[in-house]
Amino acid sequence: NAGVMQNPRHLVRRRGQEARLRCSPMKGHSHVYWYRQLPEEGLKFMVYLQKENIIDESGMPKERFSAEFPKEGPSILRIQQVVRGDSAAYFCASSPSRGETQYFGPGTRLLVL
Amino acid sequence: EDKVVQSPLSLVVHEGDTVTLNCSYEVTNFRSLLWYKQEKKAPTFLFMLTSSGIEKKSGRLSSILDKKELFSILNITATQTGDSAVYLCAVDGGATNKLIFGTGTLLAVQP
């Protein structure tokens, strides 16, 4: 059973470009969570999605960030018009249902030049 | 505001030593407390604790939760160099299961 998959593992963008980060949950998991880890800081919750629904986006910046988890395909975290402060590791986690253990992917390390 | 505090921030020990990592929390709607080990990539799951006083064990690692005093400890006995990592404590804050993380304890085990 493959774990949580994330791609790309590393992404370099120039200021103003768009970044798209993908997350495929573990097989049988329909709940996806995105977290951001800034340099020298702990992981911070961004958004929680279930298939086709955003359940909690209280940790997501109000502008430039969006997330989706379509019926088919991976969950996407999209950052428009990236700025240097968006440079971080973005981790995705999945669980089979609400309240169960979240298993993490390897992360995408975004560097904004 | 919900928060999770871990101590110490970092720790250097020698192989064979026993270490205790601490995690205290203040959250409005506690559901569970989780420990993860983070090396260079994905945080890997260690334990989920929901009830006070029940020790969870996995090999040389063990953990226990005290819901009255709002803390948990993670013990590692007979440490090995492969235990070197950042150990993360997180609390499931209830309604939407978002995890609130501490900043982690960096453990370095020297040969």
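Parameters and conventions
Residues numbered from 1 in each chain as written. Chains lettered and ligands numbered in written order. Predicted model: local features only at pLDDT ≥ 70, side-chain atom pairs only at ≥ 80, totals over all residues. Heavy atoms only, no water. Helix = DSSP H or I, 4+ residues; strand = E, 2+ residues; numbered from the N terminus. Rg over C-alpha atoms; globule rule 2.2 N^0.38 Å. Buried < 20%, exposed > 50% of the residue type's maximum accessible area, 1.4 Å probe, protein only. Contact = heavy atoms within 4.5 Å. Areas by Shrake-Rupley, 256 points an atom, 1.4 Å probe, with all protein chains shown as cover. Lys, Arg positive; Asp, Glu negative; His and termini not counted. Charge placed at Lys NZ, Arg CZ, Asp CG, Glu CD. Phe/Tyr/Trp six-rings, centres within 6.5 Å; stacked < 30°, edge-to-face > 60°. Buried area = accessible area lost by both parts, 1.4 Å probe. Salt bridge = Lys/Arg side-chain N within 4 Å of Asp/Glu carboxyl O. Polar contact = N/O pair within 3.5 Å; in protein donor to acceptor, adjacent residues only side chain to side chain. Nonpolar A, V, L, I, M, F, W, Y, C, P; charged D, E, K, R; others polar. Patch = residues over 30% accessible without salt bridge, like charges linked within 9 Å, V, L, I, M, F, W, Y side chains within 5 Å. Pairing = 2+ DSSP bridges. Axes fitted to C-alpha atoms, helices over the stretch in contact; angles between N-to-C directions.

Helix and strand counts for chain B come out as 0 helices and 11 strands. For 111 residues, the compact-globule estimate of 2.2 N^0.38 gives 13 Å, and the C-alpha radius of gyration of chain B, at 13 Å, lies within 12% of that figure. Principal axes of the C-alpha set define a box for chain B whose edges measure 45 × 25 × 20 Å. Counting every position in chain B, which comprises 111 residues, the buried fraction comes to 45%. Contacts in chain B between residues at least 24 apart in sequence constitute 54% of all its contacts with a sequence separation of at least 6. When the accessible area of chain B is evaluated, it comes to approximately 5400 Å², of which 52% is carbon and sulfur surface. One way to put it: in chain B the 11 positive side-chain charges average out to a point 5 Å from where the 11 negative ones average out.

Bringing the packing of aromatic side chains into the picture now. All chains considered together, the criterion is met by 10 aromatic pairs over all chains. An angle of 65° between the planes, with centres 5.8 Å apart, marks the rings of A:Y103 and B:F45 as edge-to-face. Of this pair, A:Y103 sits in strand 10 (residues 103-104) while B:F45 sits in strand 5 (residues 43-49), which puts the two residues in different chains. Taking relative accessible area as the criterion, A:Y103 reaches 33% and is therefore assigned partly exposed. Between A:F104 and B:Y36, the ring centres sit 5.2 Å apart and the planes meet at 85°, which makes this aromatic pair edge-to-face. One end of the pair, A:F104, is in strand 10; the other, B:Y36, is in strand 4 (residues 32-38), on a second chain. A single burial state applies to A:F104 and to B:Y36, both of which are buried.

Attention now moves to the interface of chain B and chain A. On the side of chain A, 22 residues touch chain B, which itself brings 20 residues to the contact. When chain B packs against chain A, the two sides together hide about 1600 Å² of surface, and 58% of this comes from carbon and sulfur. When the area that chain B buries against chain A is broken down by residue, the three leading residues are B:T96, B:N97 and B:F101, summing to 28%. The tally of links from chain B across to chain A stands at 0 salt bridges. Where chain B touches chain A, the interface holds 7 residue pairs in polar contact (both at pLDDT 80 or more). For the side of chain B that touches chain A, the secondary-structure elements that each account for two or more residues are strand 4, strand 5, strand 9 (85-92) and strand 10 (99-101) of chain B. Across the side of chain B that touches chain A, the residue classes tally to 10 nonpolar, 5 polar and 5 charged.

Here the focus is a nonpolar patch on the surface. A surface patch of nonpolar side chains, about 250 Å² in accessible area, is lined by A:V12, A:L111 and A:L113. Here A:V12 is to be found in strand 2 (residues 10-13).

Turning our attention to the sheet that holds strand 7 (residues 61-66) of chain B. Sheet strands associate in pairs through backbone hydrogen bonding, adopting either a parallel or an antiparallel arrangement. Residue and element names in this part refer to chain B. Overall, antiparallel pairing links the 5 strands, which are arranged 1-3-8-7-6 in an open sheet. Since the sheet does not close on itself, it has two edges, and those belong to strand 1 (3-7) and strand 6 (56-58), each with one partner. Going from strand to strand, the sheet's axes swing by 15° on average, the running direction of each strand aside. In terms of strand pairing, strand 6 meets strand 7 through 3 bridges, oriented antiparallel. In the sheet register, K57 faces strand 7, and the bridge partner there is S62.

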